[in-house]
Structures are given as structure tokens and as C-alpha cells.
Amino acid sequence: MEKKQAMLLILYATQTGNALDAAERIGRDAERRGCAASVSSIDDFDASSLPHRDTVIFVVSTTGQGDTPDSMKLFWKYLLQRNIAKNWLEGVHYAVFGLGDSGYQKYNFVAKKLDRRISDLGATTIVERGLGDDQHPSGYEGALDPWMSSLWIMLYQINPKFFPNGPDSVISDTTLIDRPKFQITYLETDKVDLQSSSTTGLDRVQMQTGRARSMSPGKVSHIKNIPDCFLKMIKNQPLSRAGCGKDVRHFELEFVSATIQYGVGDVLEVLPGQDPSAVDAFLQRCNLNPESLIIVHPIGIESHHRDAEGNDSKVPIKLKTFVELTMDIASASPRRYFFEVMSVFATAEHEKERLQYFASPEGRDDLYQYNQKERRTVLEVLEDFPSVQMPFEWLVQLVPPLKTRAFSISSSPSAHPNQVHLTVNVVSWTTPFKRKRTGLCSTWLAGLDPQDGVYIPAWFRKGSLPPPPASIPLVLVGPGTGCAPFRGFVEERATQDMSGAAAPIMLFFGCRNEENDFLYKDFWLSHAQNAGPLSIARGGGFFVAFSRDQPQKVYVQHKMREQSERVWDLILEGALIYVAGSSTKMPSDVMSALEEIISKEAGVSRETAVLQLRRLEKDGRYHVEAWS
């Protein structure tokens, strides 16, 4: 049998990049204590070799409604094989740290089930699993710091060789900070044959987007570098009343490159544009030449290779274009490690001390107040510490990646060929120190003029709401912009009606006021009449809760209870139940209402009703898509 490797292996499974950040932080902390560590994505690891590892740390996020990150799906499938012996991992030591959001019902579900499975296969846990929570005042780091402290103590007790000088002996930060992971090669303009020099318009944008994102360190596994397609906006219509405190828009987008076949319930991911003045300010603050031609590649990897999508990494790109397409400089807040590296490059002593404090465990809460709570951007942080001049290599590594934003599609391709529609709440808020903040992507989309013909990079993917067969009745619950996917569902049913009557739909919608934010009012009402898919005559119905139009607040769950008998009748007819909207209280309130309806109408106990609802979920008849 192969000899077990005595190195700390850290495997991460991430959907948005947070688990990668946490894994790298654990790896750095281990190395500072003299412990050799290797950090790797779980989809790059051969699951069959797990028994030959001495010590493994798993850092995994939970996505959606308790879903496994895409990068972990094959690994998890391997672990579930029935022919694996119960003592398969005997002698392996492990620990699990999960990242989740307690606002969701299946909080840290992936970390919990992974912990159970690894233990069931005979491995020995080093320390109780850690559960990071986005709702914690310091985010997931609120749990990560104490969990790591316990991890090092217990690891030292198991095998002192991990820490030659003990778990509390820490190497100076500066000795580990002088090696960025990425190398920038600068090329002289007159010696470069730019492939894109002869291309214009859409071809040029497509080439630049693919090239920049293939070089970006912030790639996530489920997103390809090259967009599935490019769209242009043909309609930008306000849905909410001006001045009501909300700005909800209906966007109609048209394919300008290849038309992608999508289904109702699918999700569109959009790469937002950045404010040109913010990009210019960042380049000026960091003394960067926007016209420089660069190639970005990881240190230790030959700079000339093609990625899986055929992007040639030897072809350079303008530095400004790279920043615009890959680095989120004026929206996302930097991570703690950003402050740590900044402290090394600070020349003013008072700035260096403050940055070192922010990067320390003692300064964690103050850093949270300064950084995350205020949602300070990279540009604002750099402006607050003017003596810091970070090399571009470090900025490429540490500036948060420009991420795509996901939106539920609110159209049916049958009703709108060559188009995709979105229903978007334009996000804005005020921080504790009265700073005005806006959502990057929603504000950018809202500011687009259809006349300008801006190309919008987009990717399509399956969401949590599978397209329902025409013959099955539906119970839909979608307050606010949660109604977005259901607009597509209703359009699809109306189209299906043309070739024979489709099954009915019962829709529960909710908003604050009938006058202010009754989204798609005419659309719903038209399909609730004349034997439309939402009509009571067909066995369906449209029911709306206006929460602020009367002294007592009324929500969708109240309307569901009012229609208890009708909901139960549809469930008995085999209805699929779909819930979409805010992840805070709504999904659990709706579930509670359904439990009550089943208990009342079926004449069973609440406990039995809970079991019946779980059975519906297991049978694929209950689906939730919620977002924070």
C-alpha cells in the first residue's frame, strides 16, 4: 500500500470564490506556523487517493437551497458509491469548515453532510466542524478565526511534526508576503502583432472579454471565460411608481450573437460594466499606464498556452481593458489579506500600524466596521492609505474579481423568440455612516439606453426551478421580484394552450402597495380572465397580498391560508409547488403555511404534514429559488 503523505492538504469547493479565500487563509496560517500546506480545488483532486492522505482539511460552501457547488459534484458522487468499505478512510484525519448563510433554511447543509459522510467512512475528525455564517457581524471570519486556533492545537497533539516549533510559533508576515502568485509580462507596442487590431465591433468585444477573463485569477468553475452570447437592451421600463422608494425595472434583451436555447426557470448571468471614471481614478491612484500591453499568468506556468476555450495566453491585452473586465475596483470590498499586504507596502508609519491592526485577529471587528459594514471599495481603501503603492502583480491577485450577477429569467422563449427578459430591483442603500451605495450590475443595467446598443456579455444556466410539463397544475408563490420566473411560466402555459388546454396555475403574488409596486399588474389580470392559465374557471387563480395597504400587514402566506382548500385540491391533483423571492423569512413562512394547509385539509397532525411536505420535496414537487 502507498505510504501516506504527511502534508496538510486543504481542499475547497466554491461557487463564488469565498471558500477559496478561506482555504487560502488556512494555508497561509499553517505555513506561518512552519506547517507545509497544499491548497487545491476539490475538482482537481483524485477522490480515489483520499485514503492515502494523512490529514485533509475541507472548506466547502453551500449554494442555493442546500446545493453542492458545481466543483464538488463529482467528488461527492464518488463518496456516495455503495461499494466503498466503511473503513475506507481509516487512519485519515480530517476537519471541515463550511461557508453558508443562516438566512437560508438549509444552512451549511453541504458542510454538515460532508462531515457525516467522511466520518461514516472511518476517518477521524481533528476538530468539530466550523460553520461560517454570512449573517455574523464579521461574516464567515467570525467563526474561522477561533476554529483555526482550535485546529492548530489539536493538529499539534495528533502529530507534533506538523509544527516543528509548536503551533504558537509564527513566522514574520513579511517573509511570506514577498511572493505574489501572478506574473505580469509587459510588451512593447511596436513589437506586438495584436490579433484584435483588425477586428471591430462585436468580434473585438468578444475576443477581449474571453482573453481578459482567461487570464483572470478570479475564475469560478461554472462560468466559461467566453460568454455564451452577447445581448443588447431593446427595452428599459420602470415597473414601480417613481418616488415610491423602490426602483424595479423590466428589461428586454435581444441576442446579437448566437441565439441560446433556454427554458423557463433558467438563470441569466450578466457581466456588468464598470464606471469609466472609477476605472480611470484607480489607474491614476496606482500609477498604472492604461495603454500598457500585458500578459497575466500564474508564476510557474509557462505564459504561452491555450486554455480550454482556445484563448491564446501569449496574445496581450491592454492593461485598462484587463482592469475593466476582471477587477472589481469600485463595488466589492477587499478581503482581510488585502490589508495585510498593504501594510508591507505602506511607507507612512501610522498607516502601516493601522493596516497591521486591521489584519490582526484583535482588529477583526474594527476592520468589519470600517470595511464590510460600510462596503468600502478597493478604490476607497487605497485612497484612505495614500502612502501605499502596491505592485500591479499584487493588485491582480488581491482585488476582488469582477463577478457575473445572476437573474431569474422572466420570459418564455416560446412567447419571445430571440429575446430574454429580466425583472430587476435596482439596488441602493445607505451605510451606517450615511454613504449612498448602489448595486453594480442593477444600476449599470438601469442606466443603459437601448439606443446606445451596448453589448452585454451573458451566460445561461439552469436554476433551481425546473420547467414544468404542460399537463401538471402549478402552485406558484412569488412576492416582489420573486414573480420574475413565474411570468415566464405563465407565458409558456398561454403558448401551450394554443395546442390544447394546459393545466391551471395558482399564483400568489405580494407587494407593498397596489399603487406603487404591483409588478406586471395588467399581465397577471389578463391571464386570470377569459379562461386564461390563471383563471379560477380553469381551476387556477391569481391572489395578491398588499402588505401596507391596510393597518394589518398581509403577506402571501396569509392569502395561501385563505385559499387552503383550493391549494390542497391542486396538490391532490399532483401540482408542483414553486417558491421564489427573498431568502430571509419568506421561504420558511410559506413552508409553515403549507404545513398548516396539509394538516387542516388532510386532517392529519402537524408532524405528519411536515413529513408529507418533505416527501413532496424529495419527489421533486417542491422547489425553492431564494436570494439574499
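Residues numbered from 1 in each chain as written. Predicted model: local features only at pLDDT ≥ 70, side-chain atom pairs only at ≥ 80, totals over all residues. Heavy atoms only, no water.

### Some details on the pairing of strand 18 (residues 474–477)
On strand 18, burial covers both faces: L474 and L476 on one face and V475 and V477 on the other are all buried. In this sheet, strand 19 (residues 505–511) lies alongside strand 18 in parallel orientation, the contact comprising 4 bridges. By the bridge assignment, L476 is partnered in strand 19 with L507. Both strand 18 and strand 21 (residues 576–582) contribute to a ladder of 4 bridges, which runs parallel. The partner of L476 across the bridge, within strand 21, is Y578. (Buried < 20%, exposed > 50% of the residue type's maximum accessible area, 1.4 Å probe, protein only. Helix = DSSP H or I, 4+ residues; strand = E, 2+ residues; numbered from the N terminus. Pairing = 2+ DSSP bridges.)

### Here's the deal with the UniProt feature "binding site: NADP(+)" (unreviewed entry) in the protein chain
Mapped onto this numbering, the UniProt entry annotates "binding site: NADP(+)" (unreviewed entry) at T481, S547, R548, K553, V554, Y555, V556, Q557 and D589. Its place among the elements puts V556 in helix 18 (residues 556–562). For V556, a relative accessible area of 4% translates into the label buried. The residue D589 is located in helix 20 (residues 586–602) in this model. Looking at D589, the relative accessible area reads 21%, which means it is partly exposed. (UniProt positions renumbered as here; feature names shortened; annotations may be inferred.)

### A few points about the UniProt feature "binding site: FMN" (unreviewed entry) in the protein chain
What UniProt calls "binding site: FMN" (unreviewed entry) maps, in this numbering, to T14, Q15, T16, G17, N18, A19, S61, T62, T63, G64 and D134. Take T14: it is sitting in the loop between strand 1 (5–13) and helix 1 (18–32). For T14, a relative accessible area of 9% puts it in the buried group. Of note is the side chain of T14, whose polar atom sits 2.7 Å from the backbone nitrogen of G17. Taking the relative accessible area as the measure of exposure, Q15 reaches 14% and is therefore buried. From its side chain, Q15 meets the backbone nitrogen of D70 in a polar contact 3.0 Å long. (Polar contact = N/O pair within 3.5 Å; in protein donor to acceptor, adjacent residues only side chain to side chain.)

### Concerning the pairing of strand 10 (residues 267–270)
Side chains of strand 10 alternate between two faces, with V267 and E269 and L268 and V270 buried alike. As judged from the 4 bridges shared by strand 10 and strand 13 (residues 405–408), these two strands associate in the antiparallel manner. The residue of strand 13 that forms the bridge with V267 is S408.

### Overview of the pattern of salt bridges
If you walk through the whole model with that rule in mind, you get 32 salt bridges. The salt bridge partner of R33 is D29, with a shortest N-O separation of 2.8 Å. Comparing R33 with D29, the two get one shared label, buried. Between K318 and E291 there is a salt bridge, and its shortest N-O distance comes to 2.8 Å. You can see K318 sitting in strand 12 (residues 317–318) and its partner E291 sitting in the loop between helix 7 (276–285) and strand 11 (293–298), a full 27 residues away along the chain. (Salt bridge = Lys/Arg side-chain N within 4 Å of Asp/Glu carboxyl O.)

### So, the sheet that holds strand 22 (residues 622–627)
Taken in spatial order, the 5 strands of this open sheet run 20-19-18-21-22, and their pairing is parallel. On the outer flanks of this sheet lie strand 20 (541–546) and strand 22, each paired with one strand and no other. Pairwise comparison of adjacent strand axes, ignoring direction, gives a mean angle of 10 degrees for this sheet. Where strand 21 lies against strand 22, 6 bridges are found, and the strand directions are parallel. The residue of strand 22 that forms the bridge with V579 is V624. Its contacts with the sheet put helix 20 on strand 18, strand 21 and strand 22, and the angle it makes with strand 21 is roughly 150 degrees. (Axes fitted to C-alpha atoms, helices over the stretch in contact; angles between N-to-C directions. Contact = heavy atoms within 4.5 Å.)

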